[in-house]
Every structure is written in structure tokens, then in C-alpha cells.
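Below are the chains, spelled out letter by letter.
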Amino acid sequence: MTEQEQTEEKLFKDLGLSPEIQQAIDEIGFDKPSPIQAEAIPELLAGHDVIGQAQTGTGKTAAFGLPMLQYLDPANDEVQAIVLTPTRELCIQVTQALRSYAEHLDIEIVAVFGGAPIRSQQAQLRSGAHVVVATVGRMKDLISRRSLVLTAARFVVLDEADEMLDLGFIEDVERILRMCPSGRQTALFSATMPPPIKRLADTFMYDPVTISITPKTLTVDAIEQAFVEVPGRAKVDKLIEVVKEEDPEQAILFCRTKIGASRLERDLKNRGLDVKALHGDLSQGVRDGVMLAFKNHRCKLLVATDIAARGLDVDHVTHVINYDIPNSSETYVHRIGRTGRAGRTGRAITFVTPDQRRDLEQIKKDVKASISEWEKPEDRIEHARPPRRKRRGEQPAPLDDQPAVAVEEVEEFDEVVEVPLEGPGGDQPETASDDIPDAREGAVKLFVNRGSRSDITEEDLRWALREGAVLSDDQISDVRVLERFSFVEVDGDVAEKTVEFLDGTKLKGSGIRVEIARS
Ligand code: ADP
Ligand code: MG
């Protein structure tokens, strides 16, 4: 057996993780470690600094998160570990993942990020945090207000380091690293390794082990790649044609610049397409709303810049369209990795102007992929695409084995409400329409797919809202537990955050789904 094969054979139980962590992994449903996990976890457990290079969707969060959690001492209530993330979305995403891995540990994980009231984050830090997951700016702010000290932070993770570089945070990251104990363990994860990141590693890491996972497993096999050659001025029309022909369930359209992205959004909207844009010029609140709408399938097309879309764990994207050709092969791989996840097939279509053909040839060479000229789906010989699903509930179980989500019309609701299912014979609230309370003015009603039958009480839900979603009591206007599901009502401006923080987490041992229920 070659070394490569041995790596692939590795199981989580071979990695040296504690029974509590192993149990959480089993419950989440991870079968075996991904390659970056199989290699990074033992090194980090052994106390080494690690540089991990692997593209989006390869499981980097658990690769650093599991050994980090194992390192922590629950009895010590200092901040023992920090994770720096470039954006608020990633901060929330990483926090959710770490909390699920820490399900059976007595570990407090606090997320701090910009665009949210600093006071509630300060309060959470005061009541104790073993791990702080932070965006760079907010962490700096909390340090300067003396709400956060890093003198005991001996486990430091830089997640998506290249993106922090792109966003201009590298100097701040260095400043934060200098505040951590010099005897710390540092892990740096990044999809690409541009020279400034290498320099950062040289300066701030101690004899790091470099683990680099080549992207071949993720992209090339599962993704059908094509290109469209079109002069610059005809791009919008061609794009509309391609979108109509391909009829994607959901697609991300990549642009190189923020200006280009907002222009494309406007052009597509003017032509009646269902599109939203995600780029750095938008306020955090708007970005959160766009992300949530896209994740919840309330919008079909997302126009994005590289920075805004990177690192985000968006499932079920059937198409990636490079409206602007990426500026490097690494970025190409990174972009198209948004589709074809979890064993599904996806399509990636790259637009090139005639003078960009050379760039395309370079990408083909680097990625070793066949990228053929796009043709209309009916003209293609293969019909390898699985049948289109109309409803989310008909999708096969995703990689992480979360309960599938079905869309059901519920009487008394003006709009379609997404009702999570529990698998066979899952809960459906058709009998409960009389019990649905009207939301207080300015409040938003959320649906939770668990109720008294899962042993959930009003107190449990209030606890989850306070602790999990960081709400104060006066932001919670109503909690109503029914037999098989519940409704909670929270202030409108914290509703999306509540969903982000609680959806997919666990309460009394049951996974819960939280969705906005419009009435
Ligand atoms: P990255 O940080 O590399 O982009 P994430 O840590 O966000 O990747 O993981 C991507 C997705 O893969 C997540 O939905 C996560 O739950 C899932 N995942 C991670 N590790 C495994 C595993 N060993 N088996 C199955 N799914 C996994
Ligand atoms: Mg990540």
C-alpha cells in the first residue's frame, strides 16, 4: 500500500481524538477524515505549528477545530485559543461548526465580529470564553477596550489567511499575534499561499509543518467545465442566454471588481432576472441578508466578487459562471469549487473575450482539466445531470447528514414557509395553524422544528436564544412550544442573526432547524 492510500484509509479513531470529540463527530455524521484533517489533526495534537493549504470545502474548520478543542482546559476560564477570520460570515460559520464539535465538552466559544453591538460581545467575554472566534477589526477593538486579553491564548488559528491579506488585515493580524504568548502554537489555513502569507508564516510560526492538499479530488472530477468566447460588449446578452439555457437551480456569477459586480447586478435586474449581489461595498447587514437569502434558496443568482464569496460554505450551487475570467488558476479552482460539492455534479462556465484566450489556455494547463466550448444543453451528447429537483426536501441527504428541508405551504401563512423535516414521518405543522400567534409589531416570528415531544421547553428555547444567539430578554417577545415544533418571536433586527446562530445547532441532544416564518 502506498503512503497515499494509507492516508485515505485513515479513520477518525486513528487520529488520537478524545472520546467526547469522537462522539460529536459520530453524531454529526462525519464518516472519515478528509485529507487535510487526516494530516493536520495528528500534527496539531502533537503540538506542532501547521500551515494547511487546501481549497474551500475541504474541511479545514475541523482540521484545526478538533485539535484545538482537545487542547483546551475547561477548568481554566482564561481565553486559551483564538481563531481569526476575515469576515463576519466566516466568523459565524466557524463558531457554529466549533460549537457542534464541542457538543460534549464544557467549552465556551464566543464569536466577536463587527456590525453587531459590542456591548453584548463584551458581556459574553466577561462571563467566560475559552475560545474567541473573531474578525480582525473587532478583536483589535475589544483588545483596546481591555475586554479581551490574549496573555493565555496559546492556540492561535488564522483561518483563510489569504483572504485577510486581500482585505488588508495582515498588519493587524501581526499586531494581534505579537500580543499572544511566544510559546503559543499557531495554525495557518489558507487556500492559496501568496508571498506575504509565506513571510507571515516565516516570522510568526515556529518550525511549521506544511500540509498542502492538491485540489484534484475536489474540482476536476465532479465539475463539468466549459468556456464561452464573447466580445466584451456582448457579455451581458450572452450571459442571459447561457443562464436561460442552463436553467441553474442556483448559480454564482463571479466578477473581478466590486464595480463590475454592481453593474452586472443592475443589468440583470433590469432584464428581469432574480439576482442579488455580494461584494465588499455593501454594509454588513446587507451582506448578511444576501447570504441568508441565497442559502435559503430565496434567490437564484448571486453576483459576487472573489473576496466576498470566498470561504463561504454554500451548498447546492449547481453552476458557477466566471463572468470575468479569474486572474489566476488558483482563483479559478477556488471559484469553481463552489459547485459540485459533496459528490454532486456541477457546471462551471467561464466567459472569455478573444484576447483572454491565452489566460484560459494557462488555466487549462495548470488545472489539467478539459474545458471545452460551451454548447446548449440540448446539443450535448451526455445527459449526466441528475433530474432537477423542485423542492429542497427531495434532495438526497447532504454530506453532513443534516435533516433535509422541505417546502410546505402552511395555512394562514401568506408566503411559503420552509418547514424542516425529521426524516421519515417527519413533523409537519398543518394541524397547528390555529396556534400560530401573530407577531408583535417589529418582531419576527421564527419557526423551530422541535417541540414538547422532543422534550423542549420554553425555558430551553429562551436559554438557546440567550446563550446561542446572544439575545437579551427584551429582544425576545414570545416563545411558544407546541407538540412537534415551536415558534419564537424576536426583534426584527436580530432575526437573521438568530437563524444564523441557532439553525443546525443542537438543543437537548436534538438537531434543531430554525427558519424565519413570515405571517
Ligand atoms: P473549508 O474551511 O475547508 O472551506 P469547512 O470546514 O467549511 O471547509 O467544511 C466544508 C463542509 O464539509 C462542511 O459542511 C462540513 O460540515 C463538511 N465536512 C467537514 N469535514 C467532513 C468530513 N470529515 N466528512 C464529511 N463532511 C465533512
Ligand atoms: Mg474555512
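For the structure itself, look to the data block above.
Residue indices begin from 1 for each chain and proceed along its sequence in written order. For this description, chains carry letters from A and ligands carry numbers from 1, given in the order in which they are written. In keeping with the model being predicted, local features are shown solely for residues with a pLDDT of at least 70 and side-chain atom pairs are shown and tallied solely at 80 or more, while totals for entire chains, interfaces and linings include all residues. Only hydrogens and water are set aside when side-chain values are computed; all heavy atoms of the structure are taken into account.

A. View of the site of ligand 1. Near is defined per residue: the residue qualifies when any heavy atom it owns lies within 4 Å of the molecule or strand. Surrounding ligand 1, one finds 16 residues, the nearest of these being K32, Q37, G57, K60 and T61. The contact in question runs from a nitrogen atom of ligand 1 to an N or O atom on the backbone of K32, over 2.9 Å. As used in this structure description, the phrase polar contact means that two N or O atoms lie within 3.5 Å; if the pair is within protein, one of them must be able to donate a hydrogen and the other to accept it, and residues adjacent in sequence are counted only when both atoms belong to side chains. Taking T58, its main chain carries an N or O atom lying 3.1 Å from an oxygen atom of ligand 1. Coverage of ligand 1 by the protein amounts to 88% of the 570 Å² it exposes when considered alone. Its residues placed into classes, the shell around ligand 1 shows four nonpolar, eight polar and four charged. Where accessible areas are quoted, they stem from the Shrake-Rupley method and a 1.4 Å probe; at the residue level, only the protein chains shown are allowed to cover. Residues are grouped as follows: Ala, Val, Leu, Ile, Met, Phe, Trp, Tyr, Cys and Pro are nonpolar; Asp, Glu, Lys and Arg are charged; every other residue, Gly included, is polar.

B. Focus on the pairing of strand β1 (residues 50-53). Taking every second residue as pointing to the same face, both faces of β1 are buried, with V50 and G52 on one and I51 and Q53 on the other. At least two bridges found by DSSP between two strands is the condition for calling them paired. The way it works is that DSSP assigns letters per residue, a run of H or I at least four long becomes a helix, a run of E at least two long becomes a strand, and they are numbered from the N terminus. Pairing geometry for β1 and strand β7 (residues 209-212), over four bridges, is parallel. Note on β7: the bridge partner recorded for G52 is I211. In this structure, β1 lies alongside strand β6 (residues 185-190), joined through four bridges in parallel fashion. In the strand pairing of β6, I51 is matched with L188. Each residue is assigned to one of three classes by its accessible area relative to the maximum for its type, calculated with a 1.4 Å probe on protein chains only: buried under 20%, partly exposed between the two thresholds, exposed over 50%.

C. Structural detail: helix α18 (residues 492-502). With eight of 11 residues buried, α18 is to be regarded as a mostly interior element. Along α18, the residues that are buried comprise V494, A495, K497, T498, V499, E500, F501 and L502. Downstream of α18 by one or two residues, G504 has phi in the positive range, about 85°.

D. Quick peek at the nonpolar core. If you look at the biggest cluster of nonpolar residues, it comprises 63 residues, and the most contacted ones within it are L66, M68, L69, V83, L98, V131 and F189. In this structure F189 touches I36, A40, V50, G52, K60, A63, F64, V157, L158, D159, E160 and A161, once residues within four positions along its chain are discounted. Definition used in this section: a nonpolar core is a set of buried Ala, Val, Leu, Ile, Met, Phe, Trp, Tyr and Cys residues joined via side-chain atoms within 4.5 Å. Grouped together as the second largest cluster of nonpolar side chains are 34 residues, V132, A134, L188 and L200 included. What makes two residues a contact is simply this: any of their non-hydrogen atoms within 4.5 Å.

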